[in-house]
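# Commentary on secondary and tertiary structure
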Amino acid sequence: MANKEIPYKIYLSEDELPRQWYNLRADMKNKPAPLLNPATFQPMTFEDLRPVFCDELVRQELDDTTPCFDIPEEIRNFYKMYRPSPLVRAYCLEKKLGTPAKIYYKFEGNNTSGSHKLNSAVAQAYYAKQQGLKGVTTETGAGQWGTALSMACAYFGLDCKVYMVKVSYEQKPFRREVMRTYGASVTPSPSTETAVGRRILEQFPGTSGSLGCAISEAVEAATTHEGYRYVLGSVLSQVMLHQSVIGLESKTAMDKYGVKPDIIIGCAGGGSNLGGLIAPFMREKLRGEADYQFIAVEPASCPSLTRGKFAYDYCDTGMVTPLAKMYTLGSGFIPSANHAGGLRYHGMSSILSQLHADGLLEARSVEQTKVFEAAEMFARVEGILPAPESSHAIRVAIDEALKCKETGEEKTILFGLTGTGYFDLYAYEKFNNGNMTDYIPTDEDIQKGLAGLPVLPE
Ligand SMILES: *Cc1c(COP(=O)(O)O)cnc(C)c1O
């Protein structure tokens, strides 16, 4: 098996598409801390969460012991339109780098929404439909999640209300139009449609918005409209559960050829794609069956894992959401405009946060010009135009491969290529014109964000 020649692309058959999602929490000795009710500071219960999320998704969110959840047939059938996704051996990149390392990437950009987000969008829309709801509300930053969700809602015949961070709404008209083509209504956030939006506008007139603020609006819209629930594209444990298909497929494909990765790398925004990619591998590490090095990569401009604090915080700016214990920069932290919109969230999945706190997951931050240098090299040799978010993982994969070149080690590297960059060409234009800058928050900026962390009763 081990000597079997590895093709450029390892495709799995439809039959090999996972039948169950894997819940990594079941194998964690130190479970992620529970979500807390912001009014009572007690752990959120099923009844607390029901007005906001679909029932089945609440069950998944609160379950940290069931290892596997069946993937309903309707969701699996939808997955079949674009999954299993290919696992690619980056022969051309290896050659270009002159490295003895073997590089693989799992490509999640081969669907219209252009990213891994569709894996959870279809699951969340399915459960909303099952419950007989009229529609769902959500926020979107750069637009990838909103696009994925509008596709999923169109498929199941659900209404979809998207609050889009104002700066993206104005600067990224293309994604906005994709969402509208799939039937979603798109509102720039902060808006005057919600009480929290009006409050934020009053406090910060002229603000260009943030993900945290759009979340507050979407939650309010869900809880004030009959037959609607709120859905979220990352951070939550249910999302990471759905994204485990990425890792499960990767593992099956690698096992087939007797390949074992030494290093697994992913970009981390809210943490769901990375969590999904590493899940089955981390399972083996937690059980002492195998060892892997896991690396989360985040932008230097929004460094929650590398410079944030592991503490309870709100998931949104308006402080209407439950509190999650996570690495956070503070819910009031508004990152500078950088070009990886999907990585501009102030917090991080509580599962990944716990793994990082326990020393099981490393974290690195990278500057955006270095990220785009990696993106450009990758596009030229591997052919795919990568999303800026994904290019954070490419950057560190290249760095690790170059280390192998120095030491002569033949490590096997696996990274997640979460999406394509066709809607990010203003960012590429800036890079190509030499006008891209690197903004790194000062310690004072970070302190300012952290000063707003909620104080919990003893
Ligand atoms: C949203 C997004 C990310 C960030 O994903 P998380 O799972 O939230 O960490 C990464 N890459 C792309 C292409 C995205 O759209």
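Structure shown above.
This report concerns the structure included in the present document. Just so we're clear, the structure is a prediction, and the values are computed from it rather than from any experiment.

Definitions and cut-offs
Residues numbered from 1 in each chain as written. Predicted model: local features only at pLDDT ≥ 70, side-chain atom pairs only at ≥ 80, totals over all residues. Heavy atoms only, no water. Near = heavy atom within 4 Å. Polar contact = N/O pair within 3.5 Å; in protein donor to acceptor, adjacent residues only side chain to side chain. Areas by Shrake-Rupley, 256 points an atom, 1.4 Å probe, with all protein chains shown as cover. Nonpolar A, V, L, I, M, F, W, Y, C, P; charged D, E, K, R; others polar. Buried < 20%, exposed > 50% of the residue type's maximum accessible area, 1.4 Å probe, protein only. Helix = DSSP H or I, 4+ residues; strand = E, 2+ residues; numbered from the N terminus. Contact = heavy atoms within 4.5 Å. Axes fitted to C-alpha atoms, helices over the stretch in contact; angles between N-to-C directions. Parallel < 35°, antiparallel > 145°, perpendicular 65-115°, else oblique. Left-handed = near helix turned anticlockwise from the far one by under 90°. Pairing = 2+ DSSP bridges.

## Notes on the site of the ligand
Surveying the vicinity of the ligand reveals 19 residues, the closest of which are Lys117, Ser234, Gly269, Ser272 and Thr418. Within the contact set of the ligand, an oxygen atom lies 3.2 Å away from a side-chain nitrogen or oxygen of Gln144. Contact distances for the ligand include 2.7 Å between an oxygen atom and a backbone N or O atom of Gly269. Look at the ligand: alone it shows 380 Å² of surface, and the protein chains cover 99% of it. Here the shell around the ligand is composed, by residue class, of four nonpolar, 13 polar and two charged.

## Let's talk about helix 14 (residues 350-357)
The buried fraction of helix 14 amounts to seven of the eight residues, a majority that puts the element mostly inside the structure. The elements touched by buried residues of helix 14 are helix 11 (237-256), helix 12 (272-286), helix 13 (304-307), strand 12 (309-314), strand 13 (323-328) and strand 14 (362-366). With a side-chain oxygen positioned 3.1 Å from the backbone nitrogen of Ile351, the residue opening helix 14 is Ser349. Following helix 14 by one or two positions, Gly359 has its phi on the positive side, about 75°.

## Re the packing of helix 5 (residues 118-130) against helix 11
In contact at an axis separation of 8 Å, helix 5 and helix 11 are set at 125° when each is read in the N-to-C sense. The angle between helix 5 and helix 11 places the two elements in the oblique class. The handedness of the crossing between helix 5 and helix 11 comes out as right-handed. For the pair formed by helix 5 and helix 11, the contact residues are Asn119, Ser120, Ala123, Gln124 and Tyr127 on the first element and Gln238, Val239, His242, Gln243, Val245 and Ile246 on the second. Looking at side-chain class alone, the contact of helix 5 with helix 11 contains five nonpolar, six polar and no charged residues.

## Let's talk about the environment of Val396
As for its position among the elements, Val396 is in helix 16 (residues 388-407). Its relative accessible area of 1% is what places Val396 among the buried residues. Ignoring anything within four residues of it in the chain, the contact list for Val396 reads Ile265, Ile295, Val297, Arg364 and Val366.

## Section: the sheet that holds strand 11 (residues 293-299)
With respect to topology, seven strands assemble into an open sheet ordered 1-4-5-15-10-11-14, the strand pairing being mixed. Each edge of the open sheet is held by one strand with a lone partner, namely strand 1 (9-10) and strand 14. Where strand 4 (residues 87-89) and strand 5 (residues 102-107) come together, three bridges link them in antiparallel fashion. Bridging from a neighbouring strand, Arg89 pairs with Tyr104 of strand 5. Sheet contacts for helix 12: strand 10 (263-267), strand 11 and strand 15 (412-417); angle to strand 10, the most-contacted strand, approximately 155°.

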